[in-house]
Amino acid sequence: MASLPVALIVPEAMQRKPDAPYTKILVEAGFEIRYPRNPTFPRGIGGEGETIHELQGIHAVLAGGGEHYTAEALSALPELRVIARSGVGYDRVDVDAATRQGIAVCITPTANHEAVAEHALALLLALAKNVVHNDQLVRSGGWRTTINRPLRGRTLGLVGLGRIGRSLAVRARALGMGVVTFETRPDTPFVERHQIEVVSFERLLDVSDVVSVHCPLCDETRGLFDAKAFARMKHGSLFLNTARGGVVVESDLLEALRSGHLGGAGLDVYQVEPTTADNPLFRLDNVVLSPHIASGDTLAMENMGIEAARCMARLLHNDWPEGAVVNDELRDTWQWPTQ
């Protein structure tokens, strides 16, 4: 009897949940389920060597966001056929190498955008209303009135107006904020319906009271927010990043915050992840931080798992998941090998 194809479920929040809907989808499709030997593997601490170790004998992986799927790692994994990312970012995957090796790289484009938008809004509110500072003040026995920032009537600049950017735009408009965006391919009906102005990157920096990043990390966006960009932003403005740490030159952000030119930053992502306790950003009281969890609320995690599992199941049965495969050029030649 032929052995079952093996699926590895990597994200920490999804491990060892046999009754979860995504696990059931994979089992019903015909996969044997395994989990990482090291449950913290998705944090990416072990580099490509740990990827090679964990994925030996694996045919499809429901991937997290931190593992390293480099060309060297993929070349050492000849049985791997699918990398289904639970999320939309795939900068840790060498897509060209995967394509050469016939590995389909999938994302979950409709599962987590609202969660990220909610998290970005939470960071913004925490900054504008001094939530962290006031919590610490009251817990320590203090009682000093501080003046908060209003959001109504202020301008939010969205760098990227994909699903996440659009979700945050709707929420910002509900708070009475004006919205501008830098987006090369804007959804014109959406922009018109919500009265969003499409502007250049430079214009966005000039007019925004809050700048929020929602673009992918690629050659064009790597280091986009450097000293020049921060200097152009309004004095006292706020900066949010729930996209990718590599979009920001972290040392330049640090200097802009230290100097007082920027009023604060809300960060969920960092240049190096996991970032370390000695990161100088952590010593600033005008920064609110979270550990790359914007997409990870309970509903989004389940939906990402379901969407990724469905991609894996469809590909196992040679059914191409339309709109979810990054290297769509594999479509015409796709065939799951017989055991």
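Provided above is the structure to which this section pertains.
First, a word on scope: everything that follows refers to the structure included in this document. (Residues numbered from 1 in each chain as written. Predicted model: local features only at pLDDT ≥ 70, side-chain atom pairs only at ≥ 80, totals over all residues. Heavy atoms only, no water.)

Applying the stated criterion across every chain, the model contains two cavities of 30 Å³ or more. In this structure, the largest cavity occupies an estimated 50 Å³ of space. Class assignment for the residues of the lining of the largest cavity results in four nonpolar, three polar and five charged. Taken as a whole, the second largest cavity holds about 40 Å³ of empty space. If you trace the second largest cavity, you find it lined by Asn241, Gly245, Val248, Glu250, Leu253, Leu267, Val269 and Tyr270. Classifying every residue of the lining of the second largest cavity gives five nonpolar, two polar and one charged. (1 Å grid on protein atoms, 1.4 Å probe; cavity = no way out; pocket = protein on both sides within 12 Å on 5 of 7 lines; lining within 4 Å. Points joined across faces, edges and corners; volume = space filled by probe spheres on them. Nonpolar A, V, L, I, M, F, W, Y, C, P; charged D, E, K, R; others polar.)

Glancing now at helix α2 (residues 47–54). Considered for burial, the residues of α2 that qualify are Gly47, Glu50, Thr51 and Glu54. With its buried residues spanning 105° around the axis, α2 presents them on a single face. Check the buried side of α2 and you find it contacts β1 (6–9) and α3 (71–75). (Buried < 20%, exposed > 50% of the residue type's maximum accessible area, 1.4 Å probe, protein only. Helix = DSSP H or I, 4+ residues; strand = E, 2+ residues; numbered from the N terminus. Arc of directions from axis to C-beta. Contact = heavy atoms within 4.5 Å.)

Summed over the entire model, instances satisfying the criterion amount to nine aromatic pairs. Measuring from ring centre to ring centre gives 5.0 Å for phenylalanine 225 and phenylalanine 239, while their planes differ by 55°; the resulting arrangement is tilted. Here phenylalanine 225 is found in the loop between β9 (210–213) and α10 (227–232), whereas its partner phenylalanine 239 is found in strand β10 (residues 237–241), with 14 residues between them in sequence. Each member of the pair phenylalanine 225 and phenylalanine 239 is classed as buried. For the pair phenylalanine 230 and phenylalanine 239, a centre-to-centre distance of 5.3 Å together with 90° between the ring planes defines the contact as edge-to-face. Neither residue differs from the other here; phenylalanine 230 and phenylalanine 239 are each classed as buried. (Phe/Tyr/Trp six-rings, centres within 6.5 Å; stacked < 30°, edge-to-face > 60°.)

Following glutamate 273, the chain continues into proline 274 via a peptide bond in cis, with omega recorded as -10°. When you line up the elements, proline 274 lands in the loop between β11 (262–267) and β12 (287–289). Of note in this structure, asparagine 130 is not a glycine but carries a positive phi near 55°. Take asparagine 130: it is sitting in the loop between α5 (113–128) and α6 (131–139). Residue asparagine 130 is classed as partly exposed on the basis of its relative accessible area, which comes to 24%.

Right, let's talk about helix α7 (residues 163–174) for a bit. Counted at 1.5 Å a residue, the expected span for α7 with its twelve residues is 16 Å, and the 17 Å between its end C-alpha atoms agrees. Within α7 the residues assigned to the buried category are Ile164, Gly165, Ser167, Leu168, Ala169 and Ala172. Where the residues of α7 are buried, they touch α5, β6 (155–159), β7 (178–182), α8 (188–193) and β9. Backbone geometry just downstream of α7 places glycine 176 in the positive-phi region, at approximately 90°. (Expected span 1.5 Å × (residues − 1).)

What follows is about the layout of surface pockets. In this model, the second largest pocket occupies a volume close to 420 Å³. For the second largest pocket, the lining is made up of 17 residues, of which Asn130, His133, Asp285, Asn286 and Val287 are closest to its centre. Breaking the lining of the second largest pocket down by element, the ones donating at least two residues are α5, α6, β11 and β12. Taken together, the residues of the lining of the second largest pocket sort by class into nine nonpolar, six polar and two charged.

Here we come to the pairing of β9. Neither face of β9 is exposed, since Val210 and Ser212 on one face and Val211 and Val213 on the opposite face are all buried. Pairing geometry for β9 and β10, over four bridges, is parallel. Paired with valine 213 across the bridge in β10 is asparagine 241. (Pairing = 2+ DSSP bridges.)

Strand order in this open sheet of seven strands is β8-β7-β6-β9-β10-β11-β12, and the pairing throughout is parallel. Edge positions in the sheet fall to β8 (197–198) and β12, since each has one partner strand and no second. Alignment of β6 against β7, held across five bridges, turns out to be parallel. Of the residues in β7, the one forming a bridge with leucine 156 is valine 179. Most of the contacts of α7 go to β6, to which it runs at about 175°, and overall it touches β6, β7 and β9. (Axes fitted to C-alpha atoms, helices over the stretch in contact; angles between N-to-C directions.)

On to the pattern of salt bridges. Scanning the model with the defined rule gives eleven salt bridges in all. Arginine 244 is the salt-bridge partner of aspartate 91, the closest N and O atoms lying 2.6 Å from each other. A residue pair is termed long-range when its members are at least 10 positions apart, and aspartate 91 in the loop between β4 (82–85) and α4 (95–100) and arginine 244 in the loop between β10 and α11 (250–258) qualify at 153 residues. Within this structure, Glu322, Asp328 and Arg331 form a network of salt bridges that share partners. (Salt bridge = Lys/Arg side-chain N within 4 Å of Asp/Glu carboxyl O.)

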